[in-house]
Amino acid sequence: MPRLTKEEEIARIKGIKEYERSFLEGKDGNIAGVDEVGRGPFAGPVVTCAAIFPKESELLYVNDSKKLSEKKRAELYPKLIENALSIGIGVVGPDRIDEINIREATFEAMKSAIRMLYDKDEKCALKKDKDAAVYEYKGSVIRVCNPEIVKLLEKVEKDYVKPDLLLADGFTIPELSIKQASMAKGDAKCYTIAGASIIAKVTRDLMMDEYDKLYPEFGFISNKGYGTKAHIEAIEEYGILPIHRMSFLKNIKNREEYNK
């Protein structure tokens, strides 16, 4: 796909902004975009983001995170965080995924992220500790010493705005009283969903990079927990980790040994 000129990119951003504002049916209000990353990996949490951006926000190159390079996502991450009116981050670990299935775990993470937009009592599983974001799971602790993720958590803890409308990518989130709309490929069609997808993606990738330091044999810095050939071979050689999703490992050779 040919790269857009700057003028074409400006027009694209205006177009997806106009499309998402159309769901307000001429009314004024705050739109929250919601998206997830990590539904498919064998290891690590599912991470969701809910984000509200100002009506006038038109950052160039905001798009479905899967369509952007790692470098471009890293460039947009701090800009989106700074630009947002409110952000929530939902994190659900492998044990809960195994307990209730990935679809329900994703909804749980999304609902938590949405509540963080406006409810001070809803707490993020990522904790700010001085210069790091800290995540504890089954006795292991990772510290993400990245200044941008610290700014993200400061935003989560400080800025609260209740959305008038939720936009989600591909499905309706159950048990919510806030008006919502969903559409297929929403992370490419709607600015706020795209922004949320980038924030979720970079946040989870930073977490998996830290897990790579704990478990270097598994190559998490490159596969981010997905079931690559090298990852599967590492499981068969070194065993199953606490951050693996047992329900995803049905065909792994030593799964039964782990369960003894």
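Per-chain numbering applies: the sequence of each chain, read as written, is numbered from 1 onward. Note on the predicted model: pLDDT of at least 70 is required for a residue's local features to be given, and 80 or more for side-chain atom pairs to be given and counted; whole-chain, interface and lining totals, by contrast, use all residues. To get the side-chain values, take all heavy atoms of the structure and skip hydrogens and water.

Novice: So what about the nonpolar core? Which residues, and what values?
Specialist: Nonpolar core, defined: a set of buried Ala, Val, Leu, Ile, Met, Phe, Trp, Tyr and Cys residues in which side-chain atoms within 4.5 Å join the residues together. For each residue, the accessible area found with a 1.4 Å probe, counting protein chains only, is set against the maximum for its type, and the residue is called buried under 20%, exposed over 50%, and partly exposed in between. In this structure, Ile 87 and Ile 89 are the most contacted members of the largest nonpolar core, which totals 54 residues. Ranked by residues supplied to this core, first place goes to helix α7 (residues 191-214) with 11 residues. Excluding its chain neighbours within four sequence positions, the residues that come into contact with Ile 87 are Cys 49, Ala 50, Ala 51, Ile 81, Met 116, Leu 117, Leu 152, Lys 155, Val 156 and Ile 199. If you look at the next biggest cluster of nonpolar residues, it comprises 15 residues, including Ala 32, Ile 52, Ala 113 and Leu 166. Elements are defined by DSSP. Helices are runs of H or I of four residues or more, strands are runs of E of two residues or more, and each kind is numbered from the N terminus. For this analysis, residues touch if any pair of their heavy atoms sits within 4.5 Å.

Novice: Now, about the packing of aromatic side chains: what can you tell me, with residues and values included?
Specialist: Under the pairing criterion, centres of Phe, Tyr and Trp rings, with the six-membered ring standing for Trp, must be within 6.5 Å; the plane angle then separates stacked pairs below 30 degrees from edge-to-face pairs above 60, leaving the rest tilted. For the structure shown, the criterion picks out 7 aromatic pairs. Centre to centre, the rings of Phe 53 and Tyr 191 are 5.8 Å apart; their planes meet at 80 degrees, and the pair counts as edge-to-face. You can see Phe 53 sitting in the loop between β2 (46-52) and α2 (70-83) and its partner Tyr 191 sitting in helix α7, a full 138 residues away along the chain. Take Phe 53 and Tyr 191: they sit in the same class, and that class is buried. An angle of 5 degrees between the planes, with centres 6.4 Å apart, marks the rings of Tyr 135 and Tyr 137 as stacked.

Novice: Give me the lowdown on empty space enclosed by the protein, citing residues and values where you can.
Specialist: Cavities and pockets are defined on a 1 Å grid built over the protein atoms alone: a cavity is a set of grid points where a 1.4 Å probe fits but cannot escape, while a pocket is an open set with protein on both sides within 12 Å along at least five of seven lines, and lining residues are those with an atom within 4 Å of any such point. Grid points are joined across faces, edges and corners, and a volume is the space filled by probe spheres set on the points. In total, this model carries 1 cavity of 30 Å³ or more according to the counting rule given. The computed volume of the largest cavity comes to approximately 40 Å³. What lines the largest cavity is Lys 17, Glu 20, Arg 21, Ile 31, Phe 53, Pro 54, Lys 55 and Thr 192. If one sorts the elements of the lining of the largest cavity by residue count, helix α1 (residues 6-21) sits on top with 3 residues. Looking at the lining of the largest cavity residue by residue, the classes come out as 3 nonpolar, 1 polar and 4 charged. In this classification, the charged set is Asp, Glu, Lys and Arg, the nonpolar set is Ala, Val, Leu, Ile, Met, Phe, Trp, Tyr, Cys and Pro, and all remaining amino acids, among them Gly, are polar.

Novice: Kindly report on the sheet that holds strand β1 (residues 31-37), identifying the contributing residues and their values.
Specialist: A pair of strands is considered paired only if DSSP assigns at least 2 bridges between the two. With respect to topology, 5 strands assemble into an open sheet ordered β3-β2-β1-β7-β8, the strand pairing being mixed. Edge strands, defined here as strands with exactly one partner in the open sheet, are β3 (86-92) and β8 (180-183). Here the strands of the sheet are splayed against their neighbours by 20 degrees on average, with no regard to which way each runs. Where strand β7 (residues 165-169) lies against β8, 4 bridges are found, and the strand directions are parallel. When the bridges of β8 are listed, Leu 167 appears paired with Ala 181. Here the axes come from fitting lines to C-alpha atoms, over the contacting stretch only for helices, and the angles between their N-to-C directions go from 0 to 180 degrees. Across the sheet, α7 touches β1, β2, β3, β7 and β8, and the angle it forms with β1 is around 35 degrees.

Novice: Can you lay out the layout of surface pockets for me, pointing to particular residues and giving the numbers?
Specialist: Taken as a whole, the second largest pocket holds about 200 Å³ of empty space. Along the walls of the second largest pocket sit 14 residues, with Glu 36, Val 37, Ser 65, Lys 66 and Tyr 226 positioned nearest its centre. Elements that contribute at least two residues to the lining of the second largest pocket include exactly β1 and α7. Of the residues contributing to the lining of the second largest pocket, the split by class is 2 nonpolar, 4 polar and 8 charged.

Novice: Residue-level account of the pairing of β7, with values.
Specialist: Counting buried residues in β7 gives 5 out of 5 residues, a clear majority hidden from the surface. Residues Leu 165, Leu 167 and Asp 169 line one face of β7 and the alternating positions Leu 166 and Ala 168 line the opposite face, and both faces are buried. Where β1 and β7 come together, 4 bridges link them in parallel fashion. Within β7, the residue paired with Ile 31 across the bridge is Leu 165.

Novice: Pulling in residues and values, what's your account of the side chain of Ser 197?
Specialist: Tracing the chain through its elements places Ser 197 in helix α7. Residue Ser 197 is classed as buried on the basis of its relative accessible area of 2%. With near-sequence residues (within four places) excluded, Ser 197 lies in contact with Asp 35, Asn 63, Asp 64, Ser 65 and Asp 187.

Novice: Which residues make up α2, and what values go with them?
Specialist: With 14 residues, α2 should reach 20 Å at 1.5 Å per residue; the first-to-last C-alpha distance of 20 Å fits that figure. Approximately 25 degrees is the largest bend angle found in α2, and it occurs at Leu 76, with the proline Pro 78 only one to four residues beyond. Each element contacted by the buried residues of α2 is listed here: β3, α5 (147-158) and α7. Each helix should span, by expectation, one fewer than its residue count multiplied by 1.5 Å. Note on bend: the value at a residue is the angle between axes fitted to the seven residues ending there and to the seven starting there.

Novice: Which residues make up the pattern of salt bridges, and what values go with them?
Specialist: Each reported salt bridge corresponds to a side-chain nitrogen of Lys or Arg within 4 Å of a carboxyl oxygen of Asp or Glu. Enumeration over the complete set of coordinates arrives at 20 salt bridges. Glu 108 is the partner of Arg 96 in a salt bridge, and the nearest nitrogen-oxygen pair spans 2.8 Å. Placement of the pair is Arg 96 in helix α3 (residues 94-100) and Glu 108 in helix α4 (residues 102-116), with a sequence separation of 12 residues. Classification of Arg 96 by relative accessible area gives partly exposed; the value is 27%.

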